[in-house]
Protein chains: 2
Amino acid sequence: MRLIGKEEVENIAIGAALLGTGGGGDPFVGKMMAFQAIEEQGPVELLDITEINDEDVIVPSAMMGAPTVLVEKIPSGDEALEAFHSLEDVLNKKIKATMPIEAGGVNSLLPVALAASTGLPIVDGDGMGRAFPELQMVTFYLNGVSTTPMVLADEKGNSAVLNMVNGEWAEKIARAATMEMGGSVMNAIYPMNGRQVKDASIYRTLTLEENIGRTIKEAKANQKNPIEEVLQLLGGFTLFSGKVIDIERQTDGGFVRGTATIEGLDQHKGDNGYLEFQNENLIVKTDHDVLCMTPDLICVLDTETALPMTTEGLRYGARVTVIGIPADEKWRTEKGVEVAGPRYFGYDYDFTPVETLHERQGE
Amino acid sequence: MRLIGKEEVENIAIGAALLGTGGGGDPFVGKMMAFQAIEEQGPVELLDITEINDEDVIVPSAMMGAPTVLVEKIPSGDEALEAFHSLEDVLNKKIKATMPIEAGGVNSLLPVALAASTGLPIVDGDGMGRAFPELQMVTFYLNGVSTTPMVLADEKGNSAVLNMVNGEWAEKIARAATMEMGGSVMNAIYPMNGRQVKDASIYRTLTLEENIGRTIKEAKANQKNPIEEVLQLLGGFTLFSGKVIDIERQTDGGFVRGTATIEGLDQHKGDNGYLEFQNENLIVKTDHDVLCMTPDLICVLDTETALPMTTEGLRYGARVTVIGIPADEKWRTEKGVEVAGPRYFGYDYDFTPVETLHERQGE
């Protein structure tokens, strides 16, 4: 157990946005939520997964909805408390800790804010090791943990407890309710006991995020190349670098879908890169080759500052470096690829690991 | 208290479809559900509202959704039980009785089936004295009873407990969830104590429905005009009679909206009647005059048999008599007209009682 204060949050916000692969919410929003809660309530206890008791009730928390909406509709924090209390009523058990469901600017830090407000610890792990657009795209789901009972709560005071026969139904009904509630809501979801958390989670995501943030900061302070340092930390690859020359983006059914076109610079001069996303970056390719595909992580960094850019933060003219990071092994299983691989999103590709694609590029 | 068996259900089905003003579900579906439950469990206790204790918990039950969908997706009964048990968990109280929320072929008889399955009595009353398309259009709502906590349950095993800040939010979220769940779901809604039921209900709706059914049957047996007999029982008026020559109908957002055109016969020869509906009949007019408007009841009867026709049962060529019946006084208050009057549905008319409109016709 260690404490998370404002300095840790500052670093986590950067790392979370990077692992958020374009989605997971604006890191500024998440940081402000966590800052405010920590200022009012003090630092938060971060629990290593190995420190949890098998019978403890742990409830992940997250915002659901299109990130473009979330930017304009900053959650108040009250809806998170409301969702948690409703779920305690339903489970008829006290919740011992919360944890993130995914990495992302908002979704790594909302649970920190919730932990501060409730006085609960936060578990150092999550259900993706990255961000994904749909509720069932979590390692909890791969391990057979039930998505529901889940609670949705909005900032107006509305809440709904869903009991669904499976994760697809939870996604469908929760998404429809989210749209009616104004495009983004707070979720308390995938309630688990400690044993399930140990079996089904990605470990130490918050610590990794903090390390990413610190690595980028320290590289800059020490005049090192921050992108190189991050790639070394994460075992990743530079996929493409250049200038954003076109962005198509539509908000539709609770998702932001689109494509960014990047004109190659330096070693990619003369080539175009195409980044396709649904809340998160799903695939990046050139006119000749696929460079990286979901569930591997595709992150867009500002070429100068190495700071991660969300899909809604992408602007015409931005100088960007697209990096690829191998996903956790849980995502590279048959079931993982079925749930969150390229074919699920309608791409006619067999999943190929980014390291294999990168090797082929080198040939 | 008296018992409701299959003979009573037979009559209630007819009267319920008539008071259902075109909506409230197919009487055949409702009758079959109630028959099956009564065959398995025996007759159901019907409680007069004056027999309820003030502190008893009473929970109305209903199907929600477009009636055209309901016809193809006959409820299994299990979802009703599921919804009821979920709500008992939420309220943390035993439910003492159920009651209909509205009159209608399905929605008067689903609570009878539920009462048979659960062994609970059913209260002789409802929240409309007719049918209406939206959740907040009930006298319970006019009296300030909260729509939620409510439970939605579908035949697949999905359920949702909603806690909403007001009835409009309940309608919005429940409607969206209903659409995703296949267009019709079972609701347990507007939980009340006995005192609230006494203050906010329309009394003796099931008994009135039974009388309507019996009156039509007996008139036929005694070679009397069944329509005249029904009008006398209900204090209603013949508005228009003729042949259906056109029907436009669209299922949209959980509602069936449309217009039927009726070519006048007999005393209406040379005139056309226009019947506009949203699940229920909302307005009927000719080229010159409005004949009856919501919240007053507009019912379409088969001219030969006097049997009520639902909006989805209307067919080209059908010989129909449209009758108008004054709504309960609760609907003719300022609040009643605001919630379910012509302007709510987008018609630019001040509500005028059917008896006034009828008098003007006679001048």
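Residues numbered from 1 in each chain as written. Chains lettered and ligands numbered in written order. Predicted model: local features only at pLDDT ≥ 70, side-chain atom pairs only at ≥ 80, totals over all residues. Heavy atoms only, no water.

Residues and elements named next belong to chain A. Across all of its chains, the model carries 36 salt bridges over all chains by this definition. For Arg343, the salt bridge goes to Asp350, with nearest N and O atoms at 2.8 Å. Residue classification places Arg343 among the partly exposed residues on the basis of a relative accessible area of 44%. Bridged by salt links that share partners, the residues Asp54, Arg195, Lys198 and Asp199 form one connected network. (Salt bridge = Lys/Arg side-chain N within 4 Å of Asp/Glu carboxyl O. Buried < 20%, exposed > 50% of the residue type's maximum accessible area, 1.4 Å probe, protein only.)

Looking now at the nonpolar core. In globular proteins that are soluble, nonpolar side chains generally tend to be buried together. Judged by nonpolar contacts, the single largest core of 128 residues is most densely connected at Leu18(A), Phe140(A), Trp331(A), Leu18(B), Phe140(B), Leu162(B) and Trp331(B). Listed in part, the 74 residues of the second largest apolar core include Leu109(A), Ala188(A), Phe35(B) and Val151(B). (Core = buried A, V, L, I, M, F, W, Y, C linked by side-chain atoms within 4.5 Å.)

So, on to the domain arrangement of chain A. All names here are of chain A. The assigned domain composition of chain A is domain 1 (2–205) and domain 2 (225–362). Taking only C-alpha atoms into account, the centre of domain 1 sits 25 Å from that of domain 2. Taken together, the 39 residues of domain 1 in the interface contact 34 residues of domain 2. Buried surface at the junction of domain 1 and domain 2, summed over both partners, amounts to about 2,800 Å²; 69% is from carbon and sulfur atoms. The largest share of the area that domain 1 buries against domain 2 comes from Leu18, Pro133 and Leu142, three residues that together contribute 22% of it. At the junction of domain 1 with domain 2, the criterion picks out zero salt bridges. Run the count over domain 1 and domain 2 and you get nine residue pairs in polar contact (both at pLDDT 80 or more). (Domains from an automatic or database assignment. Contact = heavy atoms within 4.5 Å. Buried area = accessible area lost by both parts, 1.4 Å probe. Polar contact = N/O pair within 3.5 Å; in protein donor to acceptor, adjacent residues only side chain to side chain.)

Next up on the list: the sheet that holds strand E15 (residues 280–286) of chain B. Within the open sheet, the eight strands sit side by side as E16-E15-E14-E13-E12-E19-E17-E18 (chain B). Their pairing is antiparallel. For this open sheet the edge positions go to strand E16 (290–293) and strand E18 (308–309) of chain B, each flanked by a neighbour on one side alone. (Pairing = 2+ DSSP bridges. Helix = DSSP H or I, 4+ residues; strand = E, 2+ residues; numbered from the N terminus.)

Taken together, the contact between chain A and chain B spans 17 residues of the former and 17 residues of the latter. Taken together, the two surfaces of chain A and chain B that pack against each other cover about 1,600 Å², and 62% of this comes from carbon and sulfur. Taken as a group, Asn158(A), Trp169(A) and Glu180(A) account for 31% of the area that chain A buries against chain B, more than any other trio of residues on that side. Where chain A touches chain B, the interface holds zero salt bridges. Taken together, the connections running from chain A to chain B amount to five residue pairs in polar contact (both at pLDDT 80 or more). Where the side of chain A that touches chain B is concerned, the elements lending two or more residues are strand E8 (159–163) and helix H7 (167–180) of chain A. Broken down by element, the residue count for the side of chain A that touches chain B peaks at six residues, all from H7(A).

We now examine the relation of the copies chain A and chain B. In the superposition of chain A on chain B (RMSD 0.0 Å, axial shift 0.0 Å), the rotation amounts to 180 degrees. Taken together, the rotation angle and the small translation identify this as a two-fold axis. Of the C-alpha atoms belonging to chain A, the one lying closest to the rotation axis is found on Val161(A), 2.5 Å away. Looking at the interface residues of chain A, 100% of them are also at the interface in chain B, so both copies use one shared face. (Least-squares fit on C-alpha atoms with pLDDT ≥ 70 in both.)

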